[in-house]
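The residues making up each chain are set out below.
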Amino acid sequence: MSSTTVCTPEAQDKRTQVLGTLRAMSDAGLLRHLDSAFAAFIATLDPGADPALLVATAMLSRMEGHGHSCLPMAGLPATDPTLFGWPTEAQASVAALWHDLPPKLEGWLGAATASPTAQRIGRDPDRGQPLVIDGPDTAPRLYLRRYWQFERTVGRAIIARCRKTNPADEARTRAWLDRFFARNDGGQTRKSPVDWQKIACAIALRSRLTIITGGPGTGKTYTAARLLAVLLATAAEPQRLRVALAAPTGKAAARLKQSIDGSLQSLQASIGNELDLATLTQRIGAARTLHSLLGARPDTRRFRHHAGNPLDADIVIVDEASMVHLEMMAALLEALPERACLILLGDKDQLASVEAGAVLGDLCRDAQAGRYSAETARYLMTTTGEALPDAYLARTGPSPELAQQTVMLRESLRFDGPIGALALAVNDAKDPALPGTLLRDDATGSLFVSEGAAQADVIESAVGGRPGASASYLDYTRALNEGPTDGSVDAHDAWTKNVLQAFDRFRLLCAVREGDWGVSGLNRAIERKLESARQLKPQGTWYKGRPVMVTRNDPTLGIFNGDIGIALPAAESPALLRVYFLDGERLRSVAVSRLAHVETAFAMTVHKSQGSEFEHTMLVLSAQSGNVLTRELIYTGITRARKAFSLFAERPGLLEVGAGSVTRRESGLLQVLEEAE
Ligand SMILES: Nc1ncnc2c1ncn2[C@@H]1O[C@H](COP(=O)(O)OP(=O)(O)OP(=O)(O)O)[C@@H](O)[C@H]1O
């Protein structure tokens with residue numbers, strides 16, 4: 001660390017005062033206790049630290065808690081409380097804290113760079129300082145070292161992989177792609193002039209990283225399955241091809257495997273014996289959570305697989321990549337063998353993970369525009385016969401390397417009815433009134449809206465369904481109360497699957513956790529309602545039929561954050577309750593006594609619902625949603641619905657407020673990518 005800063009008695013007083021104010025803000029709920037404690041920690045490391053650095057440090061910690069990977073220091077001189085997501089009532093505390101702090105960026109930057117606790121990139125040597133300042137003097141970014149490191153790891157690995165080309169036999173590739181992507185495949189008539197799925201496959205065949213983004217039902221997994229078939233057809237040693245499938249949650253992993261298997265099966269039927277896709281399907285094995293793929297270990301953040309012990313795979317396909325946070329993406333990229341191809345599938349418009357980083361969103365910066373180079377256009381013409389429309393070419397300006405490996409699928413084949421139209425209206429936000437109009441005017445029964453509703457209305461629909469959408473929690477309680485047909489293990493398995501599948505037909509999604517319109521209030525209210533309807537007997541913590549969501553990874557038990565199961569009498573000893581989970585067609589169970597980190601899961605947050613779909617999805621917007629209510633949240637909620645979507649808003653206007661509010665995650669990943677290019 002560089003020289004220690006000078007400490008005058010006045011400066012000491014000011015420091016003490018600032019630390020006291022930060023603590024008081026934590027007590028008032030404006031900061032986490034961790035945020036003020038981190039500032040105090042920096043003050044102990046550097047007793048001469050400028051008060052501005054201590055405030056910046058607390059803000060950085062708070063930003064990280066809100067999913068940002070860094071703090072853009074240019075925002076610090078402005079005492080605008082909304083910058084840090086505080087309510088306007090916080091104005092007085094913020095003004096008191098900022099009193100006497102530097103009015104200009106130079107003052108804040110000077111305070112930070114003077115401290116031995118911060119490394120200014122390009123100037124100071126790395127001495128393991130806890131803080132890092134990167135970026136130009138006009139727009140510096142303050143980081144916790146680990147997040148700075150993750151960003152660099154991800155940015156550099158991404159560009160390095162884009163640069164590593166796989167020698168492709170273009171004529172052979174063309175022959176197979178023409179077979180797998182016939183013009184009128186599977187009876188579907190494409191509206192788009194370009195076959196983006198075919199293009200995505202060709203792009204993925206030429207390099208070691210590909211990003212395929214698109215809304216629900218645009219064929220991301222369909223494309224990935226065809227890609228696997230072409231790889232098998234063109235590999236030098238097809239029998240040795242090692243494929244790993246993964247997703248951030250168990251549910252998403254199971255869906256990926258099911259969908260890939262289904263696609264490979266129908267492809268096998270259409271091409272006959274020329275390729276042995278059945279053996280490939282068997283060899284691929286189960287899809288895993290990223291935690292399990294990388295080898296999560298109890299009590300440590302380090303994985304079993306890393307650069308020194310890479311994954312044993314040639315192709316790694318990761319679905320629901322929007323949920324992969326910065327730290328996980330860094331770990332995944334580090335654990336990939338150099339020769340392996342990584343295929344990231346995801347919807348860039350969905351909510352990012354709760355943890356820091358919006359990696360897929362950042363990586364997909366050019367997905368909509370394309371920005372393809374003349375060489376990419378040539379390669380695609382040769383390998384697919386598809387001519388990229390001019391609008392997607394980088395006619396002026398550079399054609400970024402990552403953009404050449406990114407493809408956006410633009411046509412939904414499963415999701416083009418009223419729900420798809422609603423999701424699109426929310427996402428492209430051209431007409432703020434359109435989502436409300438679509439909801440109110442829907443005549444098909446797919447959509448429903450109630451604004452200014454009471455909690456009782458929500459519960460009524462959740463338990464009894466609504467006209468046009470019968471799926472509700474009654475489906476699962478009926479299945480539950482039917483019980484197994486006899487005492488055999490087979491009958492128990494069949495019953496358990498039936499209960500779990502019935503529960504999965506419907507879900508209540510919330511924007512917030514607390515309050516009558518949050519997860520906790522609605523969970524309690526639904527339990528009470530099902531009890532009074534004599535459908536459940538919720539006695540004690542554990543009861544027959546209690547649906548739960550796992551809230552912490554437990555690699556030893558093989559359960560992961562977000563997994564959903566239901567407590568049921570054990571097959572072999574009905575007096576004991578076990579929680580049963582369903583992965584595709586496979587049942588697993590864990591004794592309730594071993595599950596410490598779970599919560600009741602009638603209602604769940606939209607965040608936790610990612611990677612799942614339900615026949616009927618009900619989105620509940622609380623008037624107390626604050627800045628959680630965003631376009632990404634509403635879009636993600638809507639796109640969880642397969643056949644019916646219902647919106648209950650505590651008061652009118654919440655839909656419009658949310659749809660008009662776009663999440664901005666601060667990150668330096670794009671700068672790292674630009675520097676690496
Ligand atoms: N080119 C195509 N021709 C025929 N059917 C297709 C085509 N592309 C996709 N489909 C079908 O459309 C449906 C949706 O495709 P898929 O599940 O691959 O979409 P997805 O983008 O992965 O969706 P999600 O985001 O929900 O996982 C599937 O039933 C798939 O078989």
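Keep in mind the model is a prediction, meaning the values are calculated, not measured.

1. Describing the site of the ligand
Piece 1. Close contacts around the ligand come from 16 residues, with Gln197, Lys220, Thr221, Tyr222 and Arg414 the closest.
Piece 2. One nitrogen or oxygen atom from the main chain of threonine 218 is found 3.2 Å from an oxygen atom belonging to the ligand.
Piece 3. The contact in question runs from an oxygen atom of the ligand to an N or O atom on the side chain of lysine 220, over 2.8 Å.
Piece 4. Within the complex, the protein chains bury 79% of what would otherwise be the 630 Å² of accessible surface of the ligand.
Piece 5. Elements supplying a minimum of two residues to the shell around the ligand: helix H9 (220-234) and helix H10 (250-271).
Piece 6. Tallying contributions element by element places H9 first for the shell around the ligand, with three residues.
Piece 7. Taken together, the residues of the shell around the ligand break down into three nonpolar, eight polar and five charged.

2. Comments concerning the pairing of strand E5 (residues 209-214)
Piece 1. With six of six residues buried, E5 is to be regarded as a mostly interior element.
Piece 2. With burial as the criterion, each face of E5 is covered, one bearing Leu209, Ile211 and Thr213 and the other bearing Thr210, Ile212 and Gly214.
Piece 3. Pairing of E5 with strand E9 (residues 341-346), which is carried by five bridges, proceeds in the parallel orientation. Looking across to E9, one finds that isoleucine 212 is bridged to leucine 345.
Piece 4. Two elements, E5 and strand E10 (residues 406-409), share four bridges in a ladder whose sense is parallel. Bridge pairing links isoleucine 212 to valine 407 in E10.

3. Structural notes on the pattern of salt bridges
Piece 1. This structure, assessed with the given rule, holds 32 salt bridges.
Piece 2. Between arginine 255 and glutamate 320 there is a salt bridge, and its shortest N-O distance comes to 4.0 Å. A residue pair is termed long-range when its members are at least 10 positions apart, and arginine 255 in helix H10 and glutamate 320 in the loop between strand E8 (315-318) and helix H13 (326-335) qualify at 65 residues.
Piece 3. Judged by its relative accessible area of 28%, arginine 255 is partly exposed.
Piece 4. Between arginine 371 and aspartate 366 there is a salt bridge, with the nearest N and O atoms lying 2.9 Å from each other.
Piece 5. Judged by relative accessible area, arginine 371 falls into the partly exposed class, the value being 25%.
Piece 6. Several salt bridges converge on common partners, so that one network encompasses Arg255, Glu320, Glu613 and Arg642.

4. So, the sheet that holds strand E18 (residues 603-605)
Piece 1. The five strands are arranged E11-E20-E19-E12-E18 in an open sheet whose pairing can be described as parallel. Where the open sheet ends on each side, the last strands, each with one partner, are strand E11 (447-451) and E18. Geometrically, the sheet is characterised by an average inter-axis angle of 25° between neighbouring strands, direction not taken into account.
Piece 2. Summarising the sheet, strand E19 (residues 614-621) and strand E20 (residues 641-649) pair through seven bridges and their orientation is parallel. Bridging from a neighbouring strand, leucine 621 pairs with alanine 649 of E20.
Piece 3. Set on the sheet, helix H22 (residues 519-532) makes contact with strand E12 (506-510), E18 and E19; between it and E18 the angle comes to about 165°.

5. With respect to the domain arrangement of the chain
Piece 1. When the domains of the chain are assigned, the result is domain 1 (9-139), domain 2 (154-184 + 192-414) and domain 3 (418-660).
Piece 2. Every contact between the two is made by four residues of domain 1 and, on the other side, five residues of domain 2.
Piece 3. When domain 1 packs against domain 2, close to 250 Å² is buried across both sides, 60% of that on carbon and sulfur atoms.
Piece 4. Of all residues in domain 1, the largest losses of buried area upon contact with domain 2 belong to Glu64, Gly67 and Ser69, amounting jointly to 89% of the total for that side.
Piece 5. If you look at where domain 1 meets domain 2, you find zero salt bridges.
Piece 6. Seen at the junction of domain 1 and domain 2, the total is zero residue pairs in polar contact (both at pLDDT 80 or more).
Piece 7. Taken together, the residues that form the side of domain 1 that touches domain 2 break down as no nonpolar, three polar and one charged.

6. Thoughts on the environment of alanine 253
Piece 1. By the secondary structure assignment, alanine 253 is in helix H10.
Piece 2. Once the C-alpha coordinates of alanine 253 and alanine 423 are considered, the two residues, 170 residues apart in sequence, prove to be 24 Å apart.

7. A few points about the sheet that holds E8
Piece 1. Pairing within the open sheet is parallel, and its six strands lie in the order E7-E6-E8-E9-E5-E10. Since the sheet does not close on itself, it has two edges, and those belong to strand E7 (288-289) and E10, each with one partner.
Piece 2. Of the strand pairs in this sheet, strand E6 (residues 243-247) and E7 are connected by two bridges, and their pairing is parallel. Each bridged residue has a counterpart across the sheet, and for alanine 247 the counterpart in E7 is threonine 289.
Piece 3. Against the sheet, helix H8 (residues 196-206) engages E5, E9 and E10, with an angle of about 160° to E10.

8. A look at the pairing of E9
Consecutive side chains along a regular strand alternate between the two faces of the sheet.
Piece 1. Along E9, six of the six residues are buried, which leaves the element largely enclosed by surrounding structure.
Piece 2. Residue alternation in E9 divides its side chains into two sets, Cys341, Ile343 and Leu345 and Leu342, Leu344 and Gly346, and both sets are buried.
Piece 3. Of the pairings in the sheet, the one linking E8 to E9 comprises four bridges and is parallel in character. In the sheet register, valine 316 faces E9, and the bridge partner there is leucine 342.
Piece 4. At this point the chain moves from E8, through H13, to the parallel E9, and the crossover so formed is right-handed.

9. A closer look at the UniProt feature "binding site: ATP" (unreviewed entry) in the chain
Piece 1. Residues annotated by UniProt as "binding site: ATP" (unreviewed entry) correspond here to Gly214, Gly215, Pro216, Gly217, Thr218, Gly219, Lys220 and Thr221.
Piece 2. Note on placement: glycine 214 falls in strand E5.
Piece 3. Using a relative accessible area of 4% as the deciding quantity, one classes glycine 214 as buried.
Piece 4. In this structure glycine 214 touches Lys220, Gly346, Asp347 and Leu409, once residues within four positions along its chain are discounted.
Piece 5. Its place among the elements puts threonine 221 in helix H9.
Piece 6. Exposure remark for threonine 221: the relative accessible area of 16% places this residue in the buried category.
Piece 7. Look past the residues within four positions of threonine 221 in its chain and what remains in contact with it is Leu256, Ser259, Ile260, Asp319 and Leu345.

10. Overview of a positive patch on the surface
Piece 1. A contiguous patch of positive charge on the surface is contributed by Arg288, Arg297, Arg302 and Arg304.
Piece 2. Among the structural elements, arginine 302 can be located in the loop between helix H12 (290-294) and E8.

11. Observations regarding the packing of aromatic side chains
Aromatic ring pairs are reported here in terms of the distance separating the ring centres and the angle at which the planes meet.
Piece 1. This structure, assessed with the given rule, holds 14 aromatic pairs.
Piece 2. Each ring, one from phenylalanine 38 and one from phenylalanine 41, has its centre 6.2 Å from the other, and the planes form 25°; the classification is stacked. Residue phenylalanine 38 and its partner phenylalanine 41 are located together in helix H2 (residues 33-45), separated by three residues, close to a single helical turn.
Piece 3. A relative accessible area of 39% means that phenylalanine 41 is categorised as partly exposed.
Piece 4. Consider the rings of tyrosine 473 and phenylalanine 506, whose centres lie 4.8 Å apart with planes at 85°: the pair is edge-to-face. One end of the pair, tyrosine 473, is in helix H20 (residues 473-482); the other, phenylalanine 506, is in strand E12, with 33 residues separating them in the sequence.

About the criteria used
- Residues numbered from 1 in each chain as written.
- Predicted model: local features only at pLDDT ≥ 70, side-chain atom pairs only at ≥ 80, totals over all residues.
- Heavy atoms only, no water.
- Near = heavy atom within 4 Å.
- Polar contact = N/O pair within 3.5 Å; in protein donor to acceptor, adjacent residues only side chain to side chain.
- Areas by Shrake-Rupley, 256 points an atom, 1.4 Å probe, with all protein chains shown as cover.
- Helix = DSSP H or I, 4+ residues; strand = E, 2+ residues; numbered from the N terminus.
- Nonpolar A, V, L, I, M, F, W, Y, C, P; charged D, E, K, R; others polar.
- Buried < 20%, exposed > 50% of the residue type's maximum accessible area, 1.4 Å probe, protein only.
- Pairing = 2+ DSSP bridges.
- Salt bridge = Lys/Arg side-chain N within 4 Å of Asp/Glu carboxyl O.
- Axes fitted to C-alpha atoms, helices over the stretch in contact; angles between N-to-C directions.
- Contact = heavy atoms within 4.5 Å.
- Domains from an automatic or database assignment.
- Buried area = accessible area lost by both parts, 1.4 Å probe.
- Right-handed = clockwise from strand over helix to strand, strands pointing away.
- UniProt positions renumbered as here; feature names shortened; annotations may be inferred.
- Patch = residues over 30% accessible without salt bridge, like charges linked within 9 Å, V, L, I, M, F, W, Y side chains within 5 Å.
- Lys, Arg positive; Asp, Glu negative; His and termini not counted.
- Charge placed at Lys NZ, Arg CZ, Asp CG, Glu CD.
- Phe/Tyr/Trp six-rings, centres within 6.5 Å; stacked < 30°, edge-to-face > 60°.

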